[in-house]
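This is what each chain is made of:
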Amino acid sequence: MTIEHVTDDNFAAVVKEGLVLVDFWAPWCGPCKMIAPVLNELDAEMGEQVKIVKLNVDENTATTQQYGIMGIPALILFKDGEKVDQAVGLQPKEAISALITKHA
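Let us look at the structure shown here. As the structure is a prediction and not an experimental result, all values here were calculated from the model.

Calculation rules
- Residues numbered from 1 in each chain as written.
- Predicted model: local features only at pLDDT ≥ 70, side-chain atom pairs only at ≥ 80, totals over all residues.
- Heavy atoms only, no water.
- Buried < 20%, exposed > 50% of the residue type's maximum accessible area, 1.4 Å probe, protein only.
- Helix = DSSP H or I, 4+ residues; strand = E, 2+ residues; numbered from the N terminus.
- Pairing = 2+ DSSP bridges.
- Disulfide = S-S within 2.5 Å.
- Axes fitted to C-alpha atoms, helices over the stretch in contact; angles between N-to-C directions.
- Phe/Tyr/Trp six-rings, centres within 6.5 Å; stacked < 30°, edge-to-face > 60°.
- Lys NZ or Arg CZ within 6 Å of the ring centre and 35° of its normal.

1. Points about the pairing of strand β3 (residues 51-56)
- Burial analysis of β3 places five of its six residues in the buried class, the great majority of the element.
- Here three bridges tie strand β1 (residues 4-6) to β3, and the two strands are oriented parallel to one another. The partner of V6 across the bridge, within β3, is L55.
- Of the pairings in the sheet, the one linking strand β2 (residues 19-25) to β3 comprises six bridges and is parallel in character.

2. Some remarks on the state of the cysteines
- Applying the stated criterion to the full structure yields one disulfide.
- Between the sulfur atoms of C29 and its disulfide mate C32 the distance is 2.4 Å. What sets the handedness of the C29 and C32 disulfide is the S-S torsion sign, and at about 80 degrees it is right-handed. C32 carries the same exposure label as C29, and that label is buried.

3. Here we look at the sheet that holds β3
- Ordered in space as β1-β3-β2-β4-β5, the five strands form an open sheet in which the pairing is mixed. Each of the sheet's edge strands pairs with one partner strand only, and the pair in question is β1 and β5 (82-88). Pairwise comparison of adjacent strand axes, ignoring direction, gives a mean angle of 30 degrees for this sheet.
- Of the pairings in the sheet, the one linking β2 to strand β4 (residues 74-79) comprises six bridges and is antiparallel in character. Bridge assignment links F24 to a residue of β4, and that residue is A74.

4. Details of the packing of aromatic side chains
- Scanning the model with the defined rule gives five aromatic pairs in all.
- With a centroid separation of 5.5 Å and an interplanar angle of 80 degrees, the aromatic rings of F11 and F78 are classed as edge-to-face. Here F78 lies in strand β4 and F11 lies in helix α1 (residues 11-15), a separation of 67 residues in the sequence. The burial state of F11 is the same as that of F78; both residues are buried.
- The ring of W25 carries K54 above its face, with NZ or CZ at 5.0 Å from the centroid.

5. Details of the pairing of β4
- In terms of residue burial, β4 counts as a mostly covered element, since five of its six residues are buried.
- The pairing of β4 with β5 spans six bridges and is antiparallel. Bridge pairing in β5 places I76 opposite Q86.
- The turn joining β4 and β5, which pair antiparallel and follow one another in sequence, is formed by two residues; a positive phi near 50 degrees is taken by D80.

From the geometry alone we can't say anything about function, so treat these as descriptive.
Given below as structure tokens:
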């Protein structure tokens with residue numbers, strides 16, 4: 001599967017159903033670049049359990065502000081449209097996997 005990029009316009013529709021992990025990121029962010037391959041691996045391994053999407057904080061300020069994103073990368077896990085968990089900063093694959101599994 002390919003990780004989808006979401007925007008302010010389609011964010012609510014994307015997270016409203018099922019388990020969705022949103023990566024709030026920016027192209028200039030070093031740790032965001034480092035976490036990207038980890039998220040791609042998790043998408044390949046856990047794609048049946050969770051949908052992983054990315055939201056560029058520079059281009060989608062409304063959603064970024066709505067969720068109070070102050071540091072990136074920020075990972076927020078949604079279940080049927082409700083925020084259920086989050087992690088900020090570069091996270092190891094095991095920690096992200098555990099975050100998802102806890103709510104799957």
